[in-house]
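Fold and geometry: a report
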Amino acid sequence: MITTVTLNASVDKAYHMTGAIENGTVMRVARVCNTAGGKGLNVARVAKACGSDVQATGLVGGFNGRYLESLAQADGITSNFGHIAGETRSCINVLDPKYRSTEYLEPGTRVSSEELDAYLDEFPSIITDSDVVTLSGSLPAGVGADTYQRLVRLVKDAGKQVILDTSGEALRLGIEAGPTMIKPNRDEIEALFGITVTSRDDVVSYARRLHEGGVANVVVSLGGEGALLSCDEGTYQAIPPEVKVENTVGCGDSMVAAFAVALERGMGAREALSYAVAVGSAAAMSPNTGDYDPSDRDDILPKVEVRTIGEGGHGA
């Protein structure tokens, strides 16, 4: 089973517009899609679509929190959330023909140290039946930057594999605990090392440094150029075929979900990377965040090109 953790969960509202946004006017929304949101919930839906048993956990509160739990249940996702006094946030993604996607992300309610500690005390029992645990997204206000580091250690102490997908100080401290996998983007690599990434070779070099520093699998998304993986087996780049993109929000979460499934199933590095890129590309074809059509994945998968990156950083 895969358990997904979303500490800063939200009710995600996708506003689908038929015309371009005109600022300063009244805009009519053509269609609204409400989902249990936050990066970990996106991971949960995609992992379930991949055929895995999934459990969602994290922190929720108030009327919105109860609504989020009901939305997760409607998606067929089992949940085991910790509960806080504050109200779970809402986030809006406006999808229109001109700007494609504009997101409005609420900061989220403050979580007390007592609420967090109570959740961490329960956490080992929550993940008892899990093979892989994913930790995704921003941290809620009020909790320390070392929170993911603490969670990574709890997962490893339980003998489980753990994927960490966050940014900033939370990522830096989380890496110190040695997660099974991380998925930084170029901006996050620059922040971690205090450098400017100017080429793919830079990405390869710093991904390898992160791997050599104790992270078993370092995955870097390269947008339309696919993704790169540095691990014990080597360094690889998977390049997808061109697809018709509908919505790129949550594509990174879809890749995390696919890698969680790959770890659960014991796939090798090349197979896991190819599978994750196919799932991420299929997710970009869907108008809905945290969703994809498995038939699109199956069509894309044999067309994904996986290249071995040599020691100098160039394709071998």
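Since the structure is predicted, the reported quantities are computational estimates derived from the model, not experimental observations. (Residues numbered from 1 in each chain as written. Predicted model: local features only at pLDDT ≥ 70, side-chain atom pairs only at ≥ 80, totals over all residues. Heavy atoms only, no water.)

1. Things to note about the pairing of strand 1 (residues 2-6)
Using the following cut-off: Using a 1.4 Å probe on the protein chains alone, a residue whose accessible area is under 20% of its type maximum counts as buried, one over 50% counts as exposed, and one in between counts as partly exposed. Each helix is a run of H or I in the DSSP string that is no shorter than four residues. Each strand is a run of E no shorter than two, and both are numbered from the N terminus. In this scheme, strands are said to pair when DSSP sees at least two bridges between them.
In terms of residue burial, strand 1 counts as a mostly covered element, since 5 of its 5 residues are buried. The sheet contact formed by strand 1 and strand 4 (residues 54-61) spans 5 bridges and is parallel. For Thr3, the partnering residue across the bridge sits in strand 4 and is Gln55. Looking at chain direction, strand 1 and strand 9 (residues 132-136) are connected through 4 bridges and run parallel. Bridged to Thr4 within strand 9 is Thr134.

2. Describing the confidence of the model for the protein chain
The line we're drawing: Summary of the metric used: pLDDT quantifies the predictor's per-residue confidence within the range 0 to 100. Two residues form a contact once any of their heavy atoms are found within 4.5 Å.
Summary statistics for the protein chain give a mean pLDDT of 92 and a share of 96% for residues scoring 70 or more. Every residue in residues 312-316 is under pLDDT 50, and counting partners more than four places away or in other chains gives 14 contacts.

3. Points about the sheet that holds strand 8 (residues 100-105)
Heads up, the condition is: Lines fitted to C-alpha atoms define the axes, with helix axes restricted to the stretch in contact, and inter-axis angles between N-to-C directions lie between 0 and 180 degrees.
In spatial order, the strands read 3-2-7-8; together these 4 strands make up an open sheet with mixed pairing. Edge positions in the open sheet fall to strand 3 (31-37) and strand 8, since each of these has one partner strand only. For this sheet, the mean angle separating the axes of adjacent strands, direction not counted, is 20°. In this structure, strand 2 (residues 10-16) lies alongside strand 3, joined through 7 bridges in antiparallel fashion. Opposite Asp12, over in strand 3, you have Thr35 as the bridge partner. This element, helix 2 (residues 62-74), spans strand 2, strand 3 and strand 7 (89-96) of the sheet and lies at about 95° to strand 3.

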